[in-house]
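Commentary on secondary and tertiary structure
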Amino acid sequence: MGKKIVYDITPFTHLDYPGKLAAIAWFTGCNMRCMYCYNSDIVFSKEGIHTVEDLLRFMGKRIGLLDGIVLSGGEPTLHDLEPICRQIKEMGFLIKLDTNGLKPEQIKSLVQKDLIDYIALDYKAERAKFGYITGSSQYLRFIETLDFLIARQFDFEVRTTVHADLLNADDINRMMHELKNRGYNKTYYLQTFVETPNNIANIKHPSKDFAKQALRDTLPIVWR
Ligand code: SF4
């Protein structure tokens, strides 16, 4: 019996994989501790509900009903995704990966082997605030992933969660500038912080509004 590394499975979403009907597999554990994270149960869990075999069995029953699967978490790349992706691909599904980008080696390998079709890459903060917001000192590993995906012209999106007390419009403008300078010229997705009883740093709604009007048009922005 394999380890239960899948915290849970969402059987159906039409929102999380652009233009596709998909399931979501939530993988346990994370190598960040983002202050605003509301998936703390998943981040801190050592064991989930399902094994990989359970997940594959579930997907087997969805052939013809779903287009694909979203590998999310937590941080899915903490686990060895290659055998999982291979078997899911053999069933004919598309695979989207949600990642914070701190495991560039695994991401490169999955992309080079055509085992991933789409990536949503979290850009947590510019270097000066990265450690404070995420609890991680691995900013350059995120950059390595970003640069690889840009150079590869891979189908991916960059997204940032915005909490006005953590990131202001100047920060986002500098982050857009950094993206553009590195060659990213697609849509930049911004998502508003969601307050729950489970946010890792127990942070509340921002004390001030985010100054959307101060954002420059360096990149096309879409708010989610
Ligand atoms: S928001 Fe941060 S801590 Fe939470 S799952 Fe994503 S990367 Fe991990």
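The text that follows walks through the structure, step by step, so that each part is easy to find. (Residues numbered from 1 in each chain as written. Predicted model: local features only at pLDDT ≥ 70, side-chain atom pairs only at ≥ 80, totals over all residues.)

1. What to know about unusual backbone geometry
Here the bond from Gly73 into Gly74 is cis, since omega is 20°, no more than 30 degrees from zero. Mapped onto the elements, Gly74 comes out in the loop between β3 (68-73) and α3 (82-90). Residues other than glycine seldom take positive phi values, yet Asp114 does so here, at roughly 60°. Turning to its location among the elements, Asp114 is positioned in the loop between α4 (104-112) and β5 (118-122). The exposure class of Asp114 is exposed, given the 10 C-beta atoms found within 10 Å. One non-glycine residue, Gln153, lies in positive phi territory at about 55°. Topologically, Gln153 is positioned in the loop between α6 (139-152) and β6 (156-162). (Helix = DSSP H or I, 4+ residues; strand = E, 2+ residues; numbered from the N terminus. Buried ≥ 20, exposed ≤ 12 C-beta atoms within 10 Å, placed from the backbone.)

2. Some points on the environment of Leu121
Relative to the elements of secondary structure, Leu121 occurs in strand β5. For Leu121, a count of 21 C-beta atoms within 10 Å gives the class buried. Spatially, the C-alpha atom of Leu121 lies 11 Å from that of Thr161, the residues being 40 residues apart in sequence. Leave out the neighbours within four places in its chain, and Leu121 touches Thr99, Gly101, Thr145, Leu146, Leu149, Phe156 and Val158. (Contact = placed C-beta atoms within 7 Å.)

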